[in-house]
Amino acid sequence: MQRFRGKAALVTGAAGGIGAAIVRRLRSEGAVVAVADRDVSGVEAEARLPGDLLDASYADGLPQAAFGALGALDIVVNNAGVITRGAVTATTDADWALSLGVNVEAPFRICRAAIPIMAGRGGGAIVNVASCWGVRPGPNHAVYCMTKAAVASLTQCMGMDHAHQNVRVNAVCPNEVNTPMLRTGFARRGFDPDTAVAELGRTVPLGRIAEPEDIADVVVFLASDAARYMCGSLVEVNGGKPVG
Ligand code: NAD
């Protein structure tokens, strides 16, 4: 299938587990892709735009940089994210600034810059990677849950506000996914990641946690013309397990 032939995409967090899978899917279906992450030297793509999303001018400039590098911009995937653990009482100022900066402010800046570019070209699709914890919060990750709820709400608002410009904004809300984010979290807490992933899989009705491709397939569906009537939707991708 070459659903994205002639389309140009920007993907953030492209060096991470889910991001790399999204880039592979888009390119395998014909898109040209600009990849953004702190280090994208190992990611195959048509354009590499490394940088730190906590740098406001970098985030503000990413859509125009992708447009300049690819000659078009039809799809933006705000996938980069960080997870901080703990209740509010265990949250440092640094955790707060990092979580808000990467998970909320950067997608806000990127969408704000991308929407006029897309609208001026007749439209486009933005897909934000939120979380099931942005729809229903889970325990002991207060600020992470709040940031994902914020990006979910922004998605719903932008989905309404920019549909008239033919810019569709939607989000995927995964539950647990087998990526470095999840595995390093287990390792930090002294668990063997393979054992922990297998045990976690037994808590999912479908019998396993998600692989990055399970999420990437839904992201590219939302980015595709098959989702042409979807605006502001939060799509849970959870194997039948709605909360973490
Ligand atoms: P990951 O850690 O493998 O990838 C995240 C990527 O974001 C990394 O490559 C990282 O370098 C990049 N990033 C983080 N901070 C950045 C910054 N300041 N500047 C530039 N890039 C930065 O994690 P993943 O699991 O692939 O996560 C992708 C998205 O999926 C995130 O938004 C995450 O919150 C969400 N998510 C993940 C899970 C899960 O269980 N893994 C569940 C629900 C939602």
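Residues numbered from 1 in each chain as written. Predicted model: local features only at pLDDT ≥ 70, side-chain atom pairs only at ≥ 80, totals over all residues. Heavy atoms only, no water.

## What about the domain arrangement of the chain?
Accessible area lost when the parts come together is the quantity often used to give the size of an interface. You can read the domains of the chain as domain 1 (8-175 + 211-237) and domain 2 (177-209). The straight-line distance from the C-alpha centre of domain 1 to that of domain 2 is 23 Å. Listed by partner, the interface residues are 13 residues for domain 1 and eight residues for domain 2. Here domain 1 meets domain 2 over a buried area of about 800 Å², counting both sides, of which 57% is carbon and sulfur. Linking domain 1 with domain 2 are one salt bridge, by the criterion used here. (Domains from an automatic or database assignment. Contact = heavy atoms within 4.5 Å. Buried area = accessible area lost by both parts, 1.4 Å probe. Salt bridge = Lys/Arg side-chain N within 4 Å of Asp/Glu carboxyl O.)

## Some points on the confidence of the model for the chain
Across the chain, the average pLDDT comes to 97, with 100% of residues at or above 70. Model confidence for the complex: the whole-complex pTM is 0.98, and ipTM, which rates the interface, is 0.99. (pLDDT = per-residue confidence, 0-100.)

## Side note on the site of the ligand
Neighbouring residues of the ligand: 29 residues in total, closest Asp-37, Asp-52, Tyr-144, Val-177 and Thr-179. Within the side chain of Tyr-144, an N or O atom sits 2.7 Å from an oxygen atom of the ligand. Computed on the free molecule, the ligand has an accessible area of 830 Å², of which 92% lies beneath the protein chains in the complex. Only helix 1 (17-28), helix 4 (142-161) and helix 5 (180-188) provide two or more residues apiece to the shell around the ligand. Per element, the largest residue contribution to the shell around the ligand is three residues, and it comes from helix 5. When its residues are assigned to classes, the shell around the ligand shows 15 nonpolar, nine polar and five charged. Here the shell around the ligand spans two domains, since at least three of its residues come from each of domain 1 (8-175 + 211-237) and domain 2 (177-209). (Near = heavy atom within 4 Å. Polar contact = N/O pair within 3.5 Å; in protein donor to acceptor, adjacent residues only side chain to side chain. Areas by Shrake-Rupley, 256 points an atom, 1.4 Å probe, with all protein chains shown as cover. Helix = DSSP H or I, 4+ residues; strand = E, 2+ residues; numbered from the N terminus. Nonpolar A, V, L, I, M, F, W, Y, C, P; charged D, E, K, R; others polar.)

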